[in-house]
Amino acid sequence: MALTREEREQFLAEPHIAALAVDAGEGRAPLTVPIWYQYAPGGDVWIMTGLDSRKNRLIGAAGRFSLMVDRVEPTIRYVSVEGPVLDTTPATIEQLREISARYLPADKVEEYVDSAWKNHGEQVVVRMRPERWVSSDLGTV
């Protein structure tokens with residue numbers, strides 16, 4: 001059964017690990033990789049990635065990407081969202097802290113942020129406007 005707009009937006013707002021998919025060019029399957037993301041209902045989705053990463057280069061070339069999140073308990077549920085890139089901007093340490101706090105225990109955030117800021121190279125934030133949604137709750141199995 002398809003989710004309502006409110007259900008799918010709330011589900012996407014939960015801290016799932018997303019599968020990011022982006023066109024990888026002629027003769028290649030889409031690049032599909034796990035990624036952290038940030039989303040609030042009714043807003044845009046954003047991800048953070050390396051400025052020189054393959055993901056960022058492919059997203060820049062394609063101008064759009066998809067994210068898919070799912071869970072298997074207590075029911076099998078998924079949401080997939082696709083849309084155009086709105087902008088790509090240099091990441092801030094505050095954004096790194098925000099997205100890290102979404103996924104890590106509170107007592108691990110600052111240590112991770114410090115290490116990532118120093119060691120992961122220049123990062124960018126890519127914002128996407130959700131344009132197409134696919135969602136379902138398949139119930140329990």
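In the block above lies the structure referred to throughout.
Thresholds, definitions, all that
- Residues numbered from 1 in each chain as written.
- Predicted model: local features only at pLDDT ≥ 70, side-chain atom pairs only at ≥ 80, totals over all residues.
- Heavy atoms only, no water.
- Helix = DSSP H or I, 4+ residues; strand = E, 2+ residues; numbered from the N terminus.
- Polar contact = N/O pair within 3.5 Å; in protein donor to acceptor, adjacent residues only side chain to side chain.
- Contact = heavy atoms within 4.5 Å.
- Phe/Tyr/Trp six-rings, centres within 6.5 Å; stacked < 30°, edge-to-face > 60°.
- Buried < 20%, exposed > 50% of the residue type's maximum accessible area, 1.4 Å probe, protein only.

Caption draft 1: How the structure looks around the side chain of Gln123. Among the structural elements, Gln123 can be located in strand β6 (residues 123–128). Among the polar contacts made by the side chain of Gln123, one reaches the main-chain carbonyl oxygen of His120 at a distance of 3.1 Å. When neighbours within four sequence positions are excluded, Gln123 is seen to be in contact with Met48, Thr49, Gly50, Leu51, Pro90 and Ala91.

Caption draft 2: Highlighting the packing of aromatic side chains. Taken as a whole and judged by the stated rule, the model has three aromatic pairs. Taking 5.6 Å as the distance between ring centres and 55° as the angle between the ring planes, the aromatic pair formed by Trp36 and Tyr112 counts as tilted. Of this pair, Trp36 sits in the loop between β2 (31–35) and β3 (45–50) while Tyr112 is found in helix α4 (residues 106–119), placing the two residues 76 residues apart along the sequence. Residues Tyr39 and Trp133 carry aromatic rings whose centres are separated by 6.2 Å and whose planes lie at 65° to one another, so their mutual orientation is edge-to-face. Of this pair, Tyr39 sits in the loop between β2 and β3 while Trp133 sits in strand β7 (residues 132–139), and the two are 94 residues apart along the sequence. Across this residue pair, the class does not change: Tyr39 and Trp133 are buried. Through a chain of ring-to-ring contacts, the aromatic side chains of Trp36, Tyr103 and Tyr112 assemble into a single cluster.

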